[in-house]
Amino acid sequence: EPEVTQTPSHQVTQMGQEVILRCVPISNHLYFYWYRQILGQKVEFLVSFYNNEISEKSEIFDDQFSVERPDGSNFTLKIRSTKLEDSAMYFCASSPAAEQYFGPGTRLTVT
Amino acid sequence: QKEVEQNSGPLSVPEGAIASLNCTYSDRGSQSFFWYRQYSGKSPELIMSIYSNGDKEDGRFTAQLNKASQYVSLLIRDSQPSDSATYLCAPERTGGGNKLTFGTGTQLKVEL
């Protein structure tokens, strides 16, 4: 059964550094998403992406964040200058229409 | 008022019993509703979707939706220890970005 994959599984970075989190959505899905979950808190929506552009973004998704689909398979989330409060699990999800399927996540630790 | 409200639990049920998980939501624009299961340290796993009022059954799971009451529930029949997890309710407002708004989840413990 096709799955969403994410790399790396764990990323440690220093405050102020740039990170890129990578996702390979399920092939033939058209909608792509990033969510995050701070330890012990609920899953929060960051951004949705369709037809090579952002459909919707949350207040969390400020100018430090960007998304890109550089080729036909990858979907990336870039954080330009990481802060301590960016430490969280970041989940990529993809959808053919309504139902969203999540990847295993990348644990980002900012020190 | 929180966008999505769930009892955080833990909800403890004996093995073989029915577990009943409830969720209320505030956005009347929500059209689609999803239940996810999340094991500790893992990602959300989609287990049920429901789009219209009434019941929808899939194996041991039954989702119930009442849009007038802004209420959605999940019943798990014949609960197993492997069902022990946090269950997340996620309404989706169709259109625009189709974002999911998650509740904090209900922790279910199925005891032997």
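No experiment lies behind these values; they were computed from the predicted model shown.

Draft legend 1. How the structure looks around the side chain of Thr106 of chain B. Residues and elements named next belong to chain B. Here Thr106 is to be found in strand β10 (residues 106-111). Here Thr106 falls in the buried class, since its relative accessible area comes to 4%. Residue contacts for Thr106: discarding those within four places in its chain leaves Gln6, Asn7, Ser8, Leu11, Leu21, Ala85, Thr86 and Tyr87.

Draft legend 2. Molecular detail of the sheet that holds strand β2 (residues 11-14) of chain B. Residue and element names in this part refer to chain B. Read from one edge of the open sheet, five strands run β2-β10-β9-β4-β5, paired in mixed fashion. Either end of the sheet is taken by a strand with one partner, and the two such strands are β2 and β5 (45-50). Averaged over all neighbouring strand pairs, the angle between strand axes comes to 25 degrees, with direction disregarded. Pairing between strand β4 (residues 30-38) and strand β9 (residues 85-93): eight bridges, direction antiparallel. From the neighbouring strand, Ser32 faces β9, where its bridge partner is Glu92.

Draft legend 3. Local environment of the interface of chain A and chain B. Between chain A and chain B, the residue contacts involve 19 residues of the former and 19 residues of the latter. Around 1,500 Å² of area is buried between chain A and chain B when both sides are counted, 54% of it from carbon and sulfur atoms. Area buried by chain A at its contact with chain B is led by Lys42, Glu99 and Phe102 of chain A, which between them contribute 29% of it. At the surface where chain A touches chain B, the tally comes to zero salt bridges. In this assembly, chain A and chain B are joined by eight residue pairs in polar contact (both at pLDDT 80 or more).

Analysis parameters
Residues numbered from 1 in each chain as written. Chains lettered and ligands numbered in written order. Predicted model: local features only at pLDDT ≥ 70, side-chain atom pairs only at ≥ 80, totals over all residues. Heavy atoms only, no water. Helix = DSSP H or I, 4+ residues; strand = E, 2+ residues; numbered from the N terminus. Buried < 20%, exposed > 50% of the residue type's maximum accessible area, 1.4 Å probe, protein only. Contact = heavy atoms within 4.5 Å. Pairing = 2+ DSSP bridges. Axes fitted to C-alpha atoms, helices over the stretch in contact; angles between N-to-C directions. Buried area = accessible area lost by both parts, 1.4 Å probe. Salt bridge = Lys/Arg side-chain N within 4 Å of Asp/Glu carboxyl O. Polar contact = N/O pair within 3.5 Å; in protein donor to acceptor, adjacent residues only side chain to side chain.

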